[in-house]
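Fold and geometry: a report
Listed below, chain by chain, are the residues.
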Amino acid sequence: MKNESIWKSGAPDTLRYPGLSSDVEAEVAIIGGGITGLSVGFFLARQGIKVSVLEATYVGSGTTGSSTGNLYIAIDEMYHEVISKYDLETARLLAESRKRAMVAIDEIIGQYQIDCDYKKTSWNLIAETRDAVPKLEKEYNALIQIGIEATLSAKSAVFPDAHACLTIPDQAHFNPKKYAIGLAKAAVQAGCIIYEETRVLEFEDVDNGVLIHTTRGSLRSRKVVKATHSPIGEKLITTLLGPYREYVVAARIKTPFPSGTYWTQQDEHHYSVRTAMDGSGQTHLLCLGEPHKVGQDEENTERLKKLETYLRNRFDVGKLTYTWGAQHYKSADLIPYIGIYNNDKIFLATGYSTDGLVYGTVAGLLITDLIQGKPNDWQEIYDPKRKNPIKSAGRVFKENLNVLNEFVKGRIPFRWEADPLQNIEKGEGKVVVIDGKKYGVYRNAQGELSVVSAICPHMGCIVRWNNAERSWDCPCHGSRFTTTGKYIEGPSLQDLINILPSQEL
Ligand code: FES
């Protein structure tokens, strides 16, 4: 079994575009080479705008390459919730933007002949308990009200024990990593410049723009689009975002399974099930789920076991073949933040919940219009500066109380252990106190230790060990780091301070 996304098997992480090698200029700089950054880069370049993408690692290697690759008009937050919190018109505009984004993806794949296992298929929400049926009924009514074709049936052919099945036809899925690589190629063809292995370290406000300092030089730009999932260097908006992590397990299927995206309602949350092909053309069944706040549980292998048990209890599957984790951020008021954020210079796109492939493309279309000063009907609903105190209050309060708890917990002195390092087993990580300071200590399979400062460089919370992914995860806003403290994802601009050794163990 591999502890990595199945999509990497056919499209490995490798350098396709050289890193920045000197100081350069652009009209628009995009930070992040996932679906959002590449979509903005592609659409802007097609308009003749001089645009550059700065990617810390490789195109599509972050959240895009960890997603399930499902494309659907539905939303994780549910349209009936949007209608009850806002109104019918807001829900209609959301659906319209997602539909337009899916059409754009379809056209790009066709026009540029992107080989990404793209397939038209249905999206299905399955009620596995009687209690889940009213939710499906409410969502069906909402879909009909906003003009989306859908059916609601009492049974599901794929889940025989289901109590109801809500279906939207003519949705799609693809291999998100291959799509990102194809989209990058199309963007470059249109004139966009992509720099891989170029990590942003700092933003400096200068006349007529921003000077972006990276690990390999600087880029001066009139406008900046922060397309890094959680916008790096923007502390205020992170207080509105809830960082969540889910896991995916994949297993070889022994009997044919119909194509489609299946969300199976589990109490408050759903599991997402679909088939996917690996790099050698073999088909696997994927199951994603078990959402939880990043960094707030050390024991995450249990979550993988639950997903595996779920698959085994329902389907004829063989051994697990892949497991991996995927991160998402929820906005405070059900709708992502996409648009102009600061002085007409900084644009951002975040808060997609689990629906990022389509929202990332919506961001590409919307931000391209905004940068060109063109009117766009979606601008208002996605405005990242919107003030929705009533609509946001519940979640903002809950998320920030949770962050405060974690911050305070991190400052409670640990019980002193005579020799804290001795109690760390091979393959295990722990936060320990040495001379009154907190450190993240990891012992590898050979028994060697790596030690990092446990203080998250973003806003000072204490990181926690994640035993399923062997990483240090911050419970406050979701920054994640390797065993030697190297930044993986999240709002932090810096690594954890590495104490020893300097090499990855
Ligand atoms: Fe904000 Fe760690 S991610 S304090």
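Data block above holds the structure.
For the structure given in this document, a descriptive report is provided here. Since this is a predicted model, take the numbers as computed values, not measurements.

Analysis parameters
- Along each chain, residues carry numbers from 1 onward, in the same order as the chain's sequence is written.
- With pLDDT at 70 or above as the cut-off, local features in this predicted model cover only qualifying residues; side-chain atom pairs require 80 or more to be listed or tallied, and sums for whole chains, interfaces and linings still use all residues.
- To obtain the side-chain values, all non-hydrogen atoms of the structure were included, while hydrogens and water were left out.
- Runs of H or I in DSSP of at least four residues are treated as helices and runs of E of at least two as strands, each being numbered from the N terminus.
- Put simply, the radius of gyration uses C-alpha atoms, and a globule should come to 2.2 Å times the residue count raised to 0.38.
- Only protein chains enter the accessibility calculation, which uses a 1.4 Å probe; a residue is then buried when its area is under 20% of its type maximum, exposed when over 50%, and partly exposed in between.
- By definition, residues are in contact when any of their heavy atoms lie within 4.5 Å.
- Only the protein chains shown count as cover for residues, and the accessible areas themselves come from Shrake-Rupley with a 1.4 Å probe.
- The charge count includes Lys and Arg as positive and Asp and Glu as negative, but it does not include His or the ends of the chains.
- Charge positions come from single atoms, namely NZ of Lys, CZ of Arg, CG of Asp or CD of Glu.
- Here the expected span of a helix is defined as 1.5 Å times the quantity of residues minus one.
- Put plainly, a pocket is an open set of points on a 1 Å grid over the protein atoms alone with protein on both sides within 12 Å along at least five of seven lines, a cavity is a set where a 1.4 Å probe fits but cannot get out, and a lining residue has an atom within 4 Å of a point.
- Grid points are joined across faces, edges and corners, and a volume is the space filled by probe spheres set on the points.
- Residues are grouped as follows: nonpolar covers Ala, Val, Leu, Ile, Met, Phe, Trp, Tyr, Cys and Pro; charged covers Asp, Glu, Lys and Arg; every other residue, Gly included, is treated as polar.
- In short, DSSP must find at least two bridges between two strands for them to pair.
- Each pair of aromatic rings taken from Phe, Tyr and Trp, with Trp reduced to its six-membered ring, is defined by centres within 6.5 Å and is described as stacked if the planes are under 30 degrees apart, edge-to-face if over 60, and tilted in the remaining cases.
- To sit over a ring, a charge needs its Lys NZ or Arg CZ within 6 Å of the ring centre and within 35 degrees of the ring normal.
- Pairs of N or O atoms are called polar contacts if they sit within 3.5 Å, as long as, within protein, a hydrogen donor faces a hydrogen acceptor (for residues adjacent in sequence, only side-chain-to-side-chain pairs).

1. So, the overall build of the chain
- Assigned secondary structure in the chain consists of 11 helices and 25 strands.
- Its C-alpha atoms give the chain a radius of gyration of 22 Å, within 12% of the compact-globule value 23 Å for 505 residues.
- Each principal axis of the C-alpha distribution contributes one length, and for the chain these read about 65 × 55 × 50 Å.
- Per-residue burial for the chain yields a buried fraction of 59% across its 505 residues.
- Across the chain, contacts joining residues at least 24 apart in sequence account for 69% of those joining residues at least 6 apart.
- Carbon together with sulfur atoms contributes 50% to the accessible area of the chain, which is approximately 20900 Å² in total.
- In the chain, 58 side chains carry a positive charge and 61 a negative one; their mean positions are 1 Å apart.

2. Looking at helix α5 (residues 133–145)
- Here α5 is 13 residues long and its end C-alpha atoms lie 19 Å apart, about the 18 Å a rise of 1.5 Å per residue gives.
- Along α5, the positions that sit buried rather than exposed are Val 133, Leu 136, Glu 139, Ala 142 and Leu 143.
- Packed against the buried residues of α5 are α3 (79–85), β4 (119–127), β5 (151–153) and β6 (164–173).
- Looking at the residues trailing α5, positive phi occurs at Gly 147, about 85°.

3. Structural notes on the side chain of Thr 64
- With respect to the helices and strands, the residue Thr 64 is situated in helix α2 (residues 63–66).
- Beyond its immediate sequence surroundings of up to four residues, Thr 64 is in contact with Gly 34, Ile 35, Pro 176, Ala 180 and Leu 357.

4. Looking at empty space enclosed by the protein
- Within this structure, the stated rule accounts for two cavities of 30 Å³ or more.
- What the second largest cavity holds in volume is close to 30 Å³.
- Considering the residues around the second largest cavity, the lining is formed by Ile 6, Trp 7, Ser 9, Gly 10, Asp 117, Asn 175, Lys 178, Met 277, Asp 278 and Gly 279.
- In terms of residue class, the lining of the second largest cavity is made up of three nonpolar, four polar and three charged.

5. As for the sheet that holds strand β21 (residues 464–466)
- Pairing is antiparallel across the open sheet formed by four strands, whose spatial order is β21-β22-β23-β24. Looking at which strands have only one partner, the edges of the open sheet turn out to be β21 and β24 (487–489).

6. Brief notes about the packing of aromatic side chains
- All told, the structure shown has 14 aromatic pairs when counted by the stated rule.
- Geometrically, the ring pair formed by Tyr 271 and Tyr 310 is edge-to-face, given 4.8 Å between the ring centres and 90° between the ring planes. Within this pair, whereas Tyr 271 is found in strand β13 (residues 269–277), its partner Tyr 310 is found in helix α8 (residues 301–314), the two being separated by 39 residues in sequence.
- With relative accessibility at 5%, the residue Tyr 310 sits in the buried group.
- Members of the aromatic cluster, joined through ring pairs, are Phe 159, Phe 257, Tyr 262 and Phe 315.
- One Lys or Arg, Lys 226, reaches over the ring of Phe 203 and ends 3.9 Å from the middle of that ring.

7. Topic: the layout of surface pockets
- Considered as a void within the structure, the second largest pocket measures approximately 820 Å³ in volume.
- Taken together, 28 residues make up the lining of the second largest pocket; nearest its centre are Lys 135, Gln 265, Glu 268, His 269 and Lys 330.
- Here the lining of the second largest pocket gets four residues from one element, more than from any other, and that element is helix α11 (residues 389–411).
- A class-by-class count of the residues in the lining of the second largest pocket yields five nonpolar, 10 polar and 13 charged.

8. Considering the environment of Asp 23
- Counting through the fold element by element, Asp 23 comes out in the segment before β1 (24–31).
- Sequence-wise, Asp 23 and Val 433 are 410 residues apart; in three dimensions their C-alpha atoms are separated by 43 Å.
- Not counting residues within four places of it along the chain, the set of residues in contact with Asp 23 comprises Gly 217 and Ser 218.
- Within polar-contact distance, the side chain of Asp 23 engages the backbone nitrogen of Ser 218 at 2.9 Å.

Don't take any of this as a statement about function, it's just geometry.
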